[in-house]
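Here is what each chain is made of, one letter per residue.
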Amino acid sequence: QVQLVESGGGLVQAGGSLRLSCAASGRTFSVSTMAWFRQTPGKEREFVAGISWTGDVTTYTDSVKGRFTISRDNAKNLLHLQMTSLKPEDTAVYYCAARRGPLKSNLSRGDFGYWGQGTQVTVSS
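Below you will find a few notes about this structure. (Residues numbered from 1 in each chain as written. Predicted model: local features only at pLDDT ≥ 70, side-chain atom pairs only at ≥ 80, totals over all residues. Heavy atoms only, no water.)

**Concerning the sheet that holds strand 1 (residues 2-7)**
Strands in a sheet are paired, the pairing made by backbone hydrogen bonds, and the direction either parallel or antiparallel.
Then step 1. A sheet is described by the order of its strands in space; here 4 strands give the open sequence 1-3-8-7, paired in antiparallel fashion. Each edge of the open sheet is held by one strand with a lone partner, namely strand 1 and strand 7 (68-73). Neighbour-to-neighbour, the strand axes of the sheet open up by a mean angle of 15 degrees, direction not taken into account.
Then step 2. For strand 3 (residues 18-26) and strand 8 (residues 78-83), the ladder comprises 6 bridges, and the chain directions are antiparallel. In the sheet register, Leu18 faces strand 8, and the bridge partner there is Met83. (Pairing = 2+ DSSP bridges. Helix = DSSP H or I, 4+ residues; strand = E, 2+ residues; numbered from the N terminus. Axes fitted to C-alpha atoms, helices over the stretch in contact; angles between N-to-C directions.)

**Observations regarding the environment of Trp36**
Then step 1. Within the fold, Trp36 resides in strand 4 (residues 33-39).
Then step 2. The buried category is assigned to Trp36, whose relative accessible area is 0%.
Then step 3. Taking C-alpha positions, Trp36 is 13 Å from Gly9, a pair spaced 27 residues apart along the chain. (Buried < 20%, exposed > 50% of the residue type's maximum accessible area, 1.4 Å probe, protein only.)

**A short note on the nonpolar core**
Then step 1. Within the largest apolar cluster, 28 residues are counted, with the highest numbers of intra-cluster contacts made by Leu4, Trp36, Leu81, Met83 and Tyr94.
Then step 2. Elements represented by at least two residues in this core include exactly strand 1, strand 3, strand 4, strand 5 (46-51), strand 7, strand 8, strand 9 (92-99) and strand 11 (119-124).
Then step 3. Apart from the residues within four sequence positions on either side, Leu4 is in contact with Cys22, Ala23, Ala24, Met34, Cys96, Ala97, Ala98, Tyr114, Trp115, Gly116 and Gln117. (Core = buried A, V, L, I, M, F, W, Y, C linked by side-chain atoms within 4.5 Å. Contact = heavy atoms within 4.5 Å.)

**Considering the side chain of Thr119**
Then step 1. Residue position: Thr119 is located in strand 11.
Then step 2. By relative accessible area, which is 11% here, Thr119 ends up buried.
Then step 3. Of the polar contacts made by the side chain of Thr119, one reaches the backbone nitrogen of Gly9; its length is 3.3 Å.
Then step 4. The residues touching Thr119, leaving out its near neighbours within four places in the chain, are Glu6, Ser7, Gly8, Gly9, Leu20, Ala92, Val93 and Tyr94. (Polar contact = N/O pair within 3.5 Å; in protein donor to acceptor, adjacent residues only side chain to side chain.)

**Let's talk about the pairing of strand 11**
Then step 1. Here strand 11 shows one buried face, formed by Thr119, Val121 and Val123, and one open face, formed by Gln120, Thr122 and Ser124.
Then step 2. Sheet topology note: the strand 2 (residues 10-13)/strand 11 ladder contains 4 bridges and is parallel. Directly across from Val12, in strand 11, lies its bridge partner Val123.
Then step 3. In this sheet, strand 11 lies alongside strand 9 in antiparallel orientation, the contact comprising 3 bridges. By the bridge assignment for strand 11, Ala92 is matched with Val121.

**Here's the deal with the pattern of salt bridges**
Then step 1. As enumerated under the stated definition, the model contains 4 salt bridges in all.
Then step 2. Notably, a salt bridge pairs Arg38 with Glu46, separated by 2.8 Å at the nearest N-O pair.
Then step 3. Arg67 is paired through a salt bridge with Asp90; the nearest N and O atoms lie 2.8 Å apart. Here the residue Arg67 occupies a position in the loop between strand 6 (58-60) and strand 7, and Asp90 occupies one in the loop between strand 8 and strand 9, the gap between them amounting to 23 residues. (Salt bridge = Lys/Arg side-chain N within 4 Å of Asp/Glu carboxyl O.)

Quick look at the structure:
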(Lines give C-alpha, C1' and ligand atoms only; values in the text may rest on other atoms or scores of the structure.)
Protein backbone atom coordinates (compact mmCIF):
# COMPACT_ATOMS: atom_id res chain seq x y z
CA GLN A 1 0.00 0.00 0.00
CA VAL A 2 0.96 3.60 -0.59
CA GLN A 3 -0.26 6.41 1.63
CA LEU A 4 -0.52 9.98 0.33
CA VAL A 5 -1.03 13.07 2.47
CA GLU A 6 -1.57 16.51 0.95
CA SER A 7 -0.81 19.86 2.56
CA GLY A 8 -0.57 23.51 1.61
CA GLY A 9 -4.13 24.36 0.68
CA GLY A 10 -5.85 27.51 1.87
CA LEU A 11 -7.52 30.79 0.96
CA VAL A 12 -5.80 33.15 -1.47
CA GLN A 13 -6.83 36.17 -3.50
CA ALA A 14 -7.05 36.01 -7.26
CA GLY A 15 -3.62 36.50 -8.79
CA GLY A 16 -1.90 34.97 -5.79
CA SER A 17 0.13 31.79 -5.40
CA LEU A 18 0.01 28.60 -3.39
CA ARG A 19 2.26 25.55 -3.20
CA LEU A 20 0.71 22.18 -2.54
CA SER A 21 2.75 19.26 -1.27
CA CYS A 22 2.04 15.55 -1.10
CA ALA A 23 4.02 13.22 1.15
CA ALA A 24 4.13 9.59 0.11
CA SER A 25 4.86 6.67 2.41
CA GLY A 26 4.64 2.90 2.37
CA ARG A 27 5.55 0.92 -0.74
CA THR A 28 6.52 4.00 -2.71
CA PHE A 29 8.88 2.01 -4.94
CA SER A 30 5.81 0.37 -6.46
CA VAL A 31 4.46 3.56 -7.99
CA SER A 32 5.70 5.48 -10.99
CA THR A 33 3.48 8.27 -12.22
CA MET A 34 2.14 10.86 -9.81
CA ALA A 35 -0.45 13.51 -10.46
CA TRP A 36 -2.72 16.19 -9.09
CA PHE A 37 -6.47 16.16 -9.63
CA ARG A 38 -9.13 18.59 -8.46
CA GLN A 39 -12.84 18.40 -7.82
CA THR A 40 -15.67 20.81 -7.17
CA PRO A 41 -19.13 19.85 -5.86
CA GLY A 42 -21.27 18.16 -8.48
CA LYS A 43 -18.44 17.75 -10.96
CA GLU A 44 -16.14 14.94 -11.98
CA ARG A 45 -12.63 14.78 -10.53
CA GLU A 46 -10.45 16.55 -13.09
CA PHE A 47 -6.85 15.77 -14.05
CA VAL A 48 -4.65 18.84 -13.43
CA ALA A 49 -1.03 17.75 -13.88
CA GLY A 50 1.06 14.60 -14.04
CA ILE A 51 4.74 13.77 -13.76
CA SER A 52 6.85 10.77 -14.71
CA TRP A 53 8.98 8.77 -12.28
CA THR A 54 12.16 10.61 -13.27
CA GLY A 55 10.43 13.98 -13.28
CA ASP A 56 11.60 14.84 -16.77
CA VAL A 57 8.19 14.48 -18.39
CA THR A 58 5.18 16.47 -17.26
CA THR A 59 1.72 17.07 -18.61
CA TYR A 60 -0.96 19.63 -17.75
CA THR A 61 -4.57 20.30 -18.47
CA ASP A 62 -4.91 23.28 -20.79
CA SER A 63 -6.50 25.58 -18.22
CA VAL A 64 -3.42 25.55 -15.96
CA LYS A 65 -0.60 25.53 -18.53
CA GLY A 66 1.84 28.34 -17.88
CA ARG A 67 0.47 28.91 -14.36
CA PHE A 68 1.00 25.62 -12.51
CA THR A 69 4.19 23.58 -12.18
CA ILE A 70 4.34 19.99 -10.96
CA SER A 71 7.55 18.60 -9.50
CA ARG A 72 8.73 15.69 -7.38
CA ASP A 73 11.58 14.82 -5.04
CA ASN A 74 11.92 11.03 -5.03
CA ALA A 75 14.63 11.07 -2.35
CA LYS A 76 12.13 12.66 0.04
CA ASN A 77 9.00 11.01 -1.40
CA LEU A 78 7.43 14.39 -2.06
CA LEU A 79 5.23 15.72 -4.84
CA HIS A 80 4.57 19.44 -5.29
CA LEU A 81 2.23 21.67 -7.25
CA GLN A 82 3.28 25.30 -7.52
CA MET A 83 0.24 27.36 -8.46
CA THR A 84 0.59 30.96 -9.62
CA SER A 85 -1.78 33.55 -11.11
CA LEU A 86 -4.63 31.78 -9.37
CA LYS A 87 -8.17 32.37 -10.56
CA PRO A 88 -11.51 31.87 -8.78
CA GLU A 89 -12.20 28.96 -11.13
CA ASP A 90 -9.20 27.16 -9.63
CA THR A 91 -11.18 26.79 -6.41
CA ALA A 92 -11.53 23.08 -5.65
CA VAL A 93 -10.39 20.25 -3.46
CA TYR A 94 -7.01 19.15 -4.79
CA TYR A 95 -6.00 15.48 -4.62
CA CYS A 96 -2.62 13.82 -4.94
CA ALA A 97 -2.66 10.53 -6.86
CA ALA A 98 -0.21 7.79 -7.78
CA ARG A 99 -0.20 4.87 -10.21
CA ARG A 100 2.12 2.02 -11.08
CA GLY A 101 2.00 2.60 -14.81
CA PRO A 102 3.84 5.19 -16.89
CA LEU A 103 2.76 8.74 -17.59
CA LYS A 104 0.60 8.88 -20.72
CA SER A 105 -1.91 11.16 -22.33
CA ASN A 106 -5.54 11.41 -21.28
CA LEU A 107 -5.06 10.02 -17.78
CA SER A 108 -8.23 9.96 -15.72
CA ARG A 109 -9.35 9.08 -12.22
CA GLY A 110 -9.68 5.39 -13.02
CA ASP A 111 -6.01 5.13 -14.01
CA PHE A 112 -4.82 5.84 -10.46
CA GLY A 113 -4.94 3.42 -7.58
CA TYR A 114 -3.69 5.56 -4.74
CA TRP A 115 -5.21 8.79 -3.47
CA GLY A 116 -4.74 11.34 -0.74
CA GLN A 117 -7.55 12.78 1.33
CA GLY A 118 -7.54 16.12 -0.49
CA THR A 119 -6.76 19.71 0.45
CA GLN A 120 -9.07 22.68 -0.13
CA VAL A 121 -7.92 25.57 -2.30
CA THR A 122 -10.15 28.63 -2.35
CA VAL A 123 -9.41 31.61 -4.59
CA SER A 124 -11.37 34.75 -3.84
CA SER A 125 -12.15 37.35 -6.50
